[in-house]
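Structural description and commentary
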Amino acid sequence: MYNKVSVIIPTYNRALWLKEAIESVLNQNSRPKEIIVVDDGSNDSTAEIVKQYSQLKYISQENHGVSHARNVGIKASHGEWIAFLDSDDLWGPDKLKVQLQAISTYPQTSIFYTDEIWIRNGRRVNQGKRHAKHSGWIFEQCLPLCIISPSSVILHRNVFEKVGLFDESLPACEDYDLWLRIALQFPIHFISETLITKRGGHSDQLSRKFFGMDRFRVQVLEKILKNPLLTPLLRESVLVEIEKKSQVYAAGCLKRNRVEEYEQYKNSPKFQV
């Protein structure tokens, strides 16, 4: 089983973090079949760092965003199972081993994710109750926010054949979009061990780059409304979440004097989609 996993590391100007991320994969107790680093147009020392490791597959491209980089890695991979690692995150040494054991224990399950440690600006922080993880058919639990971290996931490649790849038209919340599409069609198994470390707080994170992340979540939810697999009950849950997120975004627009956007979202016209 160990040699059936492809690890995909997308990166953009994160030379400061990348070496540790790579080594956290190389130090796994269960080694993967291949490690693919997709350099999304970095102009720092990323290439020099990757070239220190002859066992990596290195793909360099012009900057197209993280979704495109992940999709390029998926298309270039050969493993039956695919795992992601964001270049500012770290895996614990047992991450793949534990997930491969779970795959053997639950052979009918196609996607697994783990618990995580959060580091913000060098300090550990606790997750809130709203970030609680869930197992099974968790579409509704995934609606409020993204509870699945890409770096924690391992999934069978047939999942992408059914639901498609990352949506490259989304400038942010692309993982939220993918997990919702997956959760609509697949049960998702949560492994309660903390097997990854998410490091945040740095200036290049998408949550800092864009104002009002809820507008992208509304866009994602509008898209999922068109999915023919959505049951009437789940559709109602999506509509309720659209209204909530529209109101939150409208309030933020009002504070920032973004009048046109405030008018667009304040009465949740998209709620009637």
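In case you missed it, the structure is sitting above this.
Summary of the structure given here.

About the thresholds
Residues numbered from 1 in each chain as written. Predicted model: local features only at pLDDT ≥ 70, side-chain atom pairs only at ≥ 80, totals over all residues. Heavy atoms only, no water. Helix = DSSP H or I, 4+ residues; strand = E, 2+ residues; numbered from the N terminus. Buried < 20%, exposed > 50% of the residue type's maximum accessible area, 1.4 Å probe, protein only. Areas by Shrake-Rupley, 256 points an atom, 1.4 Å probe, with all protein chains shown as cover. Core = buried A, V, L, I, M, F, W, Y, C linked by side-chain atoms within 4.5 Å. Contact = heavy atoms within 4.5 Å. Phe/Tyr/Trp six-rings, centres within 6.5 Å; stacked < 30°, edge-to-face > 60°. Lys NZ or Arg CZ within 6 Å of the ring centre and 35° of its normal. Salt bridge = Lys/Arg side-chain N within 4 Å of Asp/Glu carboxyl O.

Moving on to the overall build of the protein chain. Secondary structure assignment for the protein chain yields 11 helices and nine strands. When burial is assessed residue by residue, the protein chain has 55% of its 273 residues classed as buried. Within the structure as shown, the protein chain displays about 13,000 Å² of accessible surface, and the carbon and sulfur contribution to it stands at 48%.

Residues other than glycine seldom take positive phi values, yet asparagine 121 does so here, at roughly 55 degrees. Summarising the element assignment, asparagine 121 is placed in the loop between strand E6 (111–120) and strand E7 (123–125). Residue cysteine 173 is not a glycine yet carries a positive backbone phi of 60 degrees. For cysteine 173, the location among the structural elements is in the loop between helix H6 (158–163) and helix H7 (174–185). Exposure remark for cysteine 173: the relative accessible area of 6% places this residue in the buried category.

Residues Phe139, Ile148, Leu155, Ile182 and Val238 are the most contacted members of the largest nonpolar core, which totals 44 residues. Listed by contribution, the elements that provide at least two residues to this core are strand E4 (81–84), E6, helix H5 (139–142), H6, H7, helix H9 (214–224) and helix H10 (232–255). The dominant element in this core, judged by the number of residues it contributes, is H7, at seven residues. With residues near it in sequence (within four places) discarded, valine 238 still touches Phe139, Leu143, Leu221, Ile224, Leu225 and Leu230. Counting residues in each nonpolar core, the second largest holds 29 residues, with Ile35, Tyr53, Trp91 and Leu100 among its members.

To describe a pair of aromatic rings, you give the distance between the ring centres and the angle between the ring planes. In total, this model carries five aromatic pairs according to the counting rule given. A ring pair is formed by phenylalanine 84 and phenylalanine 166, whose centres lie 5.6 Å apart and whose planes are at 80 degrees; its orientation type is edge-to-face. Here phenylalanine 84, found in strand E4, pairs with phenylalanine 166, found in the loop between H6 and H7; they are 82 residues apart in sequence, far enough to count as distant. With relative accessibility at 3%, the residue phenylalanine 166 sits in the buried group. Arranged with centres 5.1 Å apart and planes meeting at 45 degrees, the rings of tyrosine 113 and phenylalanine 190 form a pair that is tilted. Of this pair, tyrosine 113 sits in strand E6 while phenylalanine 190 sits in strand E9 (residues 189–200), and the two are 77 residues apart along the sequence. Residue classification places tyrosine 113 among the buried residues on the basis of a relative accessible area of 1%. An aromatic cluster of at least three residues, connected via ring pairs, comprises Phe84, Phe160, Phe166 and Trp179. One Lys or Arg, arginine 70, reaches over the ring of phenylalanine 166 and ends 4.9 Å from the middle of that ring. Positioned above the aromatic ring of tryptophan 118, the side-chain terminus of arginine 120 is 5.2 Å from the ring centre.

When their charged atoms lie close together, side chains carrying opposite charge are able to pair. Summed over all chains, the structure comprises 14 salt bridges. The closest approach of N and O atoms between arginine 14 and aspartate 88, which form a salt bridge, is 3.2 Å. Of this pair, arginine 14 sits in the loop between strand E1 (5–11) and helix H1 (15–26) while aspartate 88 sits in the loop between E4 and strand E5 (90–91); the two residues are 74 residues apart in sequence, bridging distant segments of the chain. With relative accessibility at 14%, the residue arginine 14 sits in the buried group. Linking arginine 70 and glutamate 174 is a salt bridge whose minimum nitrogen-to-oxygen distance equals 3.0 Å. In this pair, arginine 70 is assigned in helix H3 (residues 66–76) and glutamate 174 in helix H7, connecting sequence segments 104 residues apart. For the pair arginine 70 and glutamate 174, a shared accessibility class is recorded, and that class is buried. Through salt bridges with shared partners, a single network forms among Asp167, Asp177, Arg181 and Lys223.

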